[in-house]
Amino acid sequence: MSSYPDLEKETVVRTVKDLPMDDQPREKAEKYGCGVLSVPDLWALILRTGLPGTPITELCRNIMKSNNNSLHTLERRTRQELRQIKGIGTTKSIQVEAVMELIKRYCHEEIPKEESITSSEQIYKYMRHEIGNNDHEEVWILLVNRMNRVIKRICLTKGTGTASLFDVKTAIKYALLENAEGIILTHNHPSGNLRPSLPDDNITKELKKACDYMKLRMLDHVIVTANGYYSYHDEGRL
């Protein structure tokens, strides 16, 4: 004799929280990154809330299914057509529209080309808002390629209001790891005084000597304040 199913023991998923942890989009993204998520899961992260008894993941699967699982098809939907999909109201239709517009703009955007560093003034403008008004010293290096374009900038140390430590080996290590062709050293003077100190002179000589040995170019050492800068290169001290 066949028996009826035990409704009390039957598992029915009604919200995202009822899903296994690895099937919950936000938790999965946190653990593995957004690259592992399906398109419906990505929409679920954006749209966030489903309907009573219908978790957002299921709703987003229905959205994609009703559009042949194609973002291109979805992009052609009008706002009114989107709102005919169960669970898509005013807010969600505009959210979908906004994401599709972002995709469109991303695809048409040109990757900006970094300017080559050709002067100490460029270095100052590049770093002024980062360290110029700090109440403590920070030592940074800018790593450049053969065209003197910055490929990476790294804060080496953070010190006090009057001093900071500098390790030339760490600077060279980063340059080699990034396959840099040259290094720019820069640090700030919280006091606003642009005159280099004896330790400033010493670390400049140290780094220049190490760069020469490793066949790296040391372009400059620029001291930055809120209102101006000092360049070892411009002063003929490199």
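Residues numbered from 1 in each chain as written. Predicted model: local features only at pLDDT ≥ 70, side-chain atom pairs only at ≥ 80, totals over all residues. Heavy atoms only, no water.

Would you take a moment to explain the overall build of the chain for this structure?
The secondary structure content of the chain amounts to nine helices and five strands. When the elements of the chain are put in sequence order from the N terminus, they spell out α-α-α-α-α-α-α-β-β-α-β-α-β-β. Per-residue burial over the chain gives 37% buried out of 238 residues. Residue pairs at least 24 apart in sequence account for 57% of intrachain contacts in the chain once pairs closer than 6 positions are excluded. (Helix = DSSP H or I, 4+ residues; strand = E, 2+ residues; numbered from the N terminus. Buried < 20%, exposed > 50% of the residue type's maximum accessible area, 1.4 Å probe, protein only. Contact = heavy atoms within 4.5 Å.)

Explain the nonpolar core here, please?
The tendency in soluble globular proteins is for nonpolar side chains to be buried as a group. In terms of nonpolar packing, the biggest core is built from 19 residues, with I141, F166, I172, I183, L185 and L207 touching the most fellow members. Looking at this core, the elements with two or more residues in it are strand 1 (138-144), strand 2 (150-158), helix 8 (168-177), strand 3 (182-188) and helix 9 (198-213). Every residue in contact with L185, bar those within four places of it in the chain, is listed here: V139, W140, I141, F166, I203, L207, M218, D220, H221 and V222. Counting residues in hydrophobic clusters, the runner-up holds 15 residues, among them W43, I56, L74 and V96. (Core = buried A, V, L, I, M, F, W, Y, C linked by side-chain atoms within 4.5 Å.)

I would appreciate a short explanation of the side chain of D41 in the present structure.
Looking at where D41 falls in the secondary structure, it is placed in helix 2 (residues 39-47). When its relative accessible area of 9% is taken as the criterion, D41 is described as buried. Here the side chain of D41 touches K28 through a polar contact of 3.4 Å, side chain to side chain. If we ignore the near neighbours within four places in the chain, the residues touching D41 are P25, K28 and T57. (Polar contact = N/O pair within 3.5 Å; in protein donor to acceptor, adjacent residues only side chain to side chain.)

Just checking my understanding: could you explain the sheet that holds strand 1 for this structure?
Within a beta sheet, neighbouring strands are joined by backbone hydrogen bonds and run either parallel or antiparallel to one another. Strand order across the open sheet formed by five strands is 2-1-3-4-5, with mixed pairing between neighbours. Edge positions in the open sheet fall to strand 2 and strand 5 (229-231), since each of these has one partner strand only. Sheet twist, expressed as the average angle between the axes of neighbouring strands with direction ignored, equals 20°. As paired elements, strand 1 and strand 3 share six bridges and run antiparallel to each other. Of the residues in strand 3, the one forming a bridge with V139 is H187. (Pairing = 2+ DSSP bridges. Axes fitted to C-alpha atoms, helices over the stretch in contact; angles between N-to-C directions.)

Please explain the pattern of salt bridges as it appears in this structure.
Pairing of side chains with opposite charge becomes possible as their charged atoms draw close. Inspection of every chain in the model, using the stated rule, returns twelve salt bridges. Residue E101 pairs with K104 through a salt bridge whose shortest N-O separation is 3.8 Å. You can see E101 and its partner K104 sitting in helix 6 (residues 90-108), three residues apart, about one turn around the helix. Judged by its relative accessible area of 35%, K104 is partly exposed. Note that R153 is salt-bridged to E130, the shortest N-O span being 2.9 Å. (Salt bridge = Lys/Arg side-chain N within 4 Å of Asp/Glu carboxyl O.)

Sorry, what's going on with the packing of helix 8 against helix 9 here?
Angle between the axes and distance between the axes: these two values describe a pair of packed helices. Two elements in contact, helix 8 and helix 9, have axes separated by 10 Å at closest approach and are oriented at 40°. Comparing the axis directions of helix 8 and helix 9 gives the class oblique. Once helix 8 is placed against helix 9, the crossing between them reads as right-handed. In this structure, helix 8 contributes V168, A171 and I172 to the contact, and helix 9 contributes E206, L207, A210 and C211. Here the residues of the contact of helix 8 with helix 9 are counted per class, giving six nonpolar, no polar and one charged. (Parallel < 35°, antiparallel > 145°, perpendicular 65-115°, else oblique. Left-handed = near helix turned anticlockwise from the far one by under 90°. Nonpolar A, V, L, I, M, F, W, Y, C, P; charged D, E, K, R; others polar.)

Would you take a moment to explain helix 6 for this structure?
Side chains three or four residues apart in an α-helix point the same way, a direct result of the helix having 3.6 residues per turn. Compared with an ideal rise of 1.5 Å per residue, which puts 19 residues at 27 Å, helix 6 spans 27 Å between its outermost C-alpha atoms and is within 8% of the ideal. What helix 6 keeps buried is the set K92, S93, V96, V99 and M100. The arc enclosing the buried residues of helix 6, seen along the axis, measures out at 125°, which places them on a common side. Turned more than 90 degrees off the buried face of helix 6, the exposed positions are T91, L102, R105 and H108. Buried residues in helix 6 make contact with helix 2, helix 3 (56-65), helix 4 (71-75) and helix 5 (79-82). (Expected span 1.5 Å × (residues − 1). Arc of directions from axis to C-beta.)

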